[in-house]
Amino acid sequence: MGKNYERIDGRLRTFIEAQPLFFTATAPLSGDGTVNLSPKGLKGSFVILDELSVAYLDFAGSTAETVAHLRENGRITLMWCAFEGPPNIVRVHGRGEPVFRDDPRFPELLARFPDIDATAHGLRAIIVVRAELVRDSCGYAVPLMSYDSERDLHGRRFAREDDASLSAYFEKKDHIATSLDGLPGLPLPLPPSTV
C-alpha cells in the first residue's frame, strides 16, 4: 500500500502540484509543547525547487508556530491528500527553515513564485523544506470533495498593509514574536521587503 521514494519527481510531483491544499505539521522539542498543524492554500504559493526541496510562502496569520518550531529544531512534515480522483496521500518528512525578508536568498527564492502576488498577502517568510523521507499511502478513507475556488479574503485583508502597518499588526498579536510555548517566532519589527 504505502511506498518510500528517493525523490519528488514524475507521478509524485504531478500529484503534489495539482493539489489546491496541503498541511504542515511541526512541534517543539519539549515533550509537553504544542504540536502545530496548519492548512496551506492560495494557488501559486507552493513550488517544488528540485527533486528533494520544496518551498512555500508564509503569509500573515494569527500565530507563527511553524516559524518558531523550525527555528528551534527544523523538523516538519508536509501532507497532500487526494480529495478528487484516485485516492492518495503523500507526505514529505524533512528539515525546514524560514527564509526571512532580509535574507540575501529571499529575492531569488521569491522569484520562484511567479503566479501569485505575494505583496497582497502580508508575506512574512519563505519556508524551504529539504526532504529526508518521501512516502505515499492509499488514502482510501479520505472523503471525495470538490474544489470550487480560491477564497479572496486573505488577499483583500492584507493587501491594504504596507511594511510598517504589517509590522505593527504583528507586534500587537500575542503569538507572532513568540510561539504558544514561548519560543522565538517571527523576528520583529518586520524587516522591510527587499523586493
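Preceding this paragraph is the structure being described.
Residues numbered from 1 in each chain as written. Predicted model: local features only at pLDDT ≥ 70, side-chain atom pairs only at ≥ 80, totals over all residues. Heavy atoms only, no water.

Trainee: Give a description of the pattern of salt bridges that names residues and reports values.
Mentor: When the charged atoms of two side chains lie near each other, side chains of opposite charge can form a pair. Within this structure, the stated rule accounts for 11 salt bridges. A salt bridge links Asp136 to Arg11; its shortest N-O distance comes to 3.3 Å. One end of the pair, Asp136, is in strand β8 (residues 125–137); the other, Arg11, is in helix α1 (residues 10–18), and 125 residues separate them in sequence. We classify Asp136 as buried; its relative accessible area is 7%. For Arg13, the salt bridge goes to Glu17, with nearest N and O atoms at 3.0 Å. Taken as a pair, Arg13 and Glu17 lie in helix α1 at a separation of four residues, close to a single helical turn. On the basis of relative accessible area, Arg13 is assigned to the partly exposed category, the value being 29%. Residue class for Glu17 comes out partly exposed when judged on its relative accessible area of 46%. (Salt bridge = Lys/Arg side-chain N within 4 Å of Asp/Glu carboxyl O. Helix = DSSP H or I, 4+ residues; strand = E, 2+ residues; numbered from the N terminus. Buried < 20%, exposed > 50% of the residue type's maximum accessible area, 1.4 Å probe, protein only.)

Trainee: Can you tell me about the nonpolar core, naming the residues and giving the values?
Mentor: Counting residues in each nonpolar core, the largest one holds 32 residues, and the members touching the most others are Ile8, Ile16, Phe46, Leu78, Trp80 and Phe170. When residues of this core are traced back to their parent elements, those giving at least two are α1, β4 (46–50), β5 (53–58), α2 (65–72), β6 (75–81), β7 (89–100), β8 and α5 (163–172). The dominant element in this core, judged by the number of residues it contributes, is β8, at five residues. Contacts of Leu78, omitting those with residues within four sequence positions, involve Phe22, Phe23, Thr24, Phe46, Val54, Tyr56, Val90, Arg91, Val92 and Val129. (Core = buried A, V, L, I, M, F, W, Y, C linked by side-chain atoms within 4.5 Å. Contact = heavy atoms within 4.5 Å.)

Trainee: Summarise the side chain of His121; cite the residues concerned and give the values.
Mentor: Within the secondary structure layout, His121 lies in the loop between α3 (106–110) and β8. The contact partners of His121, leaving out residues within four places of it in the chain, are Leu42, Phe59, Ala60, Ile116, His154, Gly155 and Phe158.

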